[in-house]
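Residues per chain, in single letters:
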Amino acid sequence: MDVRPNQTIYINNLNEKIKKEELKKSLYAIFSQFGQILDIVALKTLKMRGQAFVIFKEIGSASNALRTMQGFPFYDKPMQIAYSKSDSDIVAKLKGTFKERPKKIKPPKPAPGAEEKKDKKKKPTSAENSNPNTQTEQPPNQILFLTNLPEETNEMMLSMLFNQFPGFKEVRLVPNRHDIAFVEFTTELQSNAAKEALQGFRITPTHAMKITFAKK
C-alpha cells in the first residue's frame, strides 16, 4: 500500500476558506526553499477542497519537503502531506521527453534573468550577497529589515517563512508599502540565524529577498 517517493507531494487538511490564488502563492513561498517547483495544483471543486499538489523537479526536494513540513501549521491547520499516488501530467511529460528539456517549463526563465541584469546595474546585489559584511552599516539587533519583496507578499507568508526559526516574535508590514517589512526575534543571535538562512530567498522567481538589520 505504500506509495513510492516521487516528485509530487499531496497535501490535505488545508484551510478551505483561503482563496485559490492566495493558497498557491503561500504554498510556493514555503515550499520553494526545498527546490525548484514545476507547478502547484489547487482545485476548489467540492471533491478537492482543502487539498493541493506541489510538483517538484527533483524527488529529493519532495522528500525533504514532506519530512520537514509534515504537520506544519498552515493558516492555523496542520498540513498532512504524502507522496502523490500517480505522476502528475508535468512529471509524466518530463519522463517522456527526458533528453530534450521540456519546452513547457522553459519560457518563463529568460524574463527574470533579464530583470536581474537590469537590477545589477542599479544595485550591486551580487557583491552584497557574496560578502554579507558589506551590509554592516547597522549593528546586529533582534529586528530584521526585509526589502525587495514582491507585491503579493502578506503577513501570513512571511510568518510562515520566519516561524521555522527559534525566537520568532512577529512580522510587521509597512502600510502602503508592499516591498518592505520588519521581522522581530527575541535575541540578535536568533535574528542573525534567520538572516543568514533566508538571505536572497526567492518568494517568487523574480524577487530575491534582501535582509539587513533594522535601524535602531
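Details of the structure are given in the entry above.
Cut-offs used in this document
Residues numbered from 1 in each chain as written. Predicted model: local features only at pLDDT ≥ 70, side-chain atom pairs only at ≥ 80, totals over all residues. Heavy atoms only, no water. Helix = DSSP H or I, 4+ residues; strand = E, 2+ residues; numbered from the N terminus. Buried < 20%, exposed > 50% of the residue type's maximum accessible area, 1.4 Å probe, protein only. Contact = heavy atoms within 4.5 Å. Areas by Shrake-Rupley, 256 points an atom, 1.4 Å probe, with all protein chains shown as cover. Polar contact = N/O pair within 3.5 Å; in protein donor to acceptor, adjacent residues only side chain to side chain. Pairing = 2+ DSSP bridges. Axes fitted to C-alpha atoms, helices over the stretch in contact; angles between N-to-C directions. Salt bridge = Lys/Arg side-chain N within 4 Å of Asp/Glu carboxyl O.

J.: How should the overall build of the protein chain be read in this particular structure?
T.: Helix and strand content of the protein chain: 7 helices and 12 strands. A burial count over the protein chain gives 39% of its 216 residues as buried. Excluding contacts between residues fewer than 6 apart, the proportion of contacts in the protein chain whose partners are at least 24 apart in sequence is 66%. Only carbon and sulfur atoms are counted for the fraction: they give 54% of the accessible area of the protein chain, which is about 12800 Å².

J.: Help me out: how do you make sense of helix α6 (residues 155-162) in this one?
T.: Each α-helix turn comprises 3.6 residues. Residues three or four places apart therefore point the same way. A large share of α6 lies buried, amounting to 6 of its 8 residues. Within α6, the full set of buried residues consists of M157, L158, S159, M160, L161 and F162. The N-cap of α6, judged by a side-chain oxygen 3.2 Å from the amide nitrogen of M156 a few residues on, is N154.

J.: Would you explain the side chain of S32 in this entry?
T.: Mapped onto the elements, S32 comes out in the loop between α1 (20-31) and β2 (37-41). Discounting residues that sit within four places of it in the chain, S32 has contacts with I37, F201 and R202.

J.: Whenever I open this one, the sheet that holds strand β8 (residues 168-174) confuses me. Can you help?
T.: By definition, the strands of a sheet pair up through backbone hydrogen bonds, in either a parallel or an antiparallel sense. On the basis of which strands lie adjacent, the open sheet formed by 4 strands has the order β8-β9-β7-β12 and antiparallel pairing. Of all the strands in the sheet, the pair left with one neighbour each is β8 and β12 (210-213). Averaged over all neighbouring strand pairs, the angle between strand axes comes to 25 degrees, with direction disregarded. Contacts from α6 reach β7 (143-147), β8, β9 (177-185) and β12, with the element oriented near 150 degrees to β8. Sheet strands in contact with helix α7 (residues 188-198) are β7, β9 and β12, and its direction is about 160 degrees off that of β12.

J.: Please explain the pattern of salt bridges as it appears in this structure.
T.: Think of it this way: side chains of opposite charge can pair up when their charged atoms draw near. Overall, the coordinates contain 5 salt bridges when judged by the stated rule. The closest approach of N and O atoms between E184 and K169, which form a salt bridge, is 3.5 Å. Here E184 is found in strand β9, whereas its partner K169 is found in strand β8, with 15 residues between them in sequence. A salt bridge links R177 to D179, with the nearest nitrogen and oxygen atoms 2.9 Å apart. Judged by its relative accessible area of 40%, R177 falls in the partly exposed class. Here D179 falls in the partly exposed class, since its relative accessible area comes to 24%. Because the salt bridges share partners, they merge into one network encompassing K169, E170, R172 and E184.

J.: Any chance you could explain the sheet that holds strand β6 (residues 80-83) here in plain terms?
T.: Overall, antiparallel pairing links the 4 strands, which are arranged β2-β3-β1-β6 in an open sheet. Strand pairing shows two members of the sheet lacking a second neighbour, β2 and β6, which therefore form its edges. Within this sheet the neighbouring strands show an average axis-to-axis angle of 20 degrees, counted without direction. Note that β2 and strand β3 (residues 52-56) share 4 bridges and pair antiparallel. Pairing of D39 across the sheet is with I55, part of β3. α1 rests against β1 (8-12), β2, β3 and β6 of the sheet, and its axis sits at about 145 degrees to β2. Sitting on the sheet, helix α2 (residues 59-69) touches β1, β3 and β6, and the angle it makes with β6 is about 155 degrees.

Geometry only, nothing functional implied.
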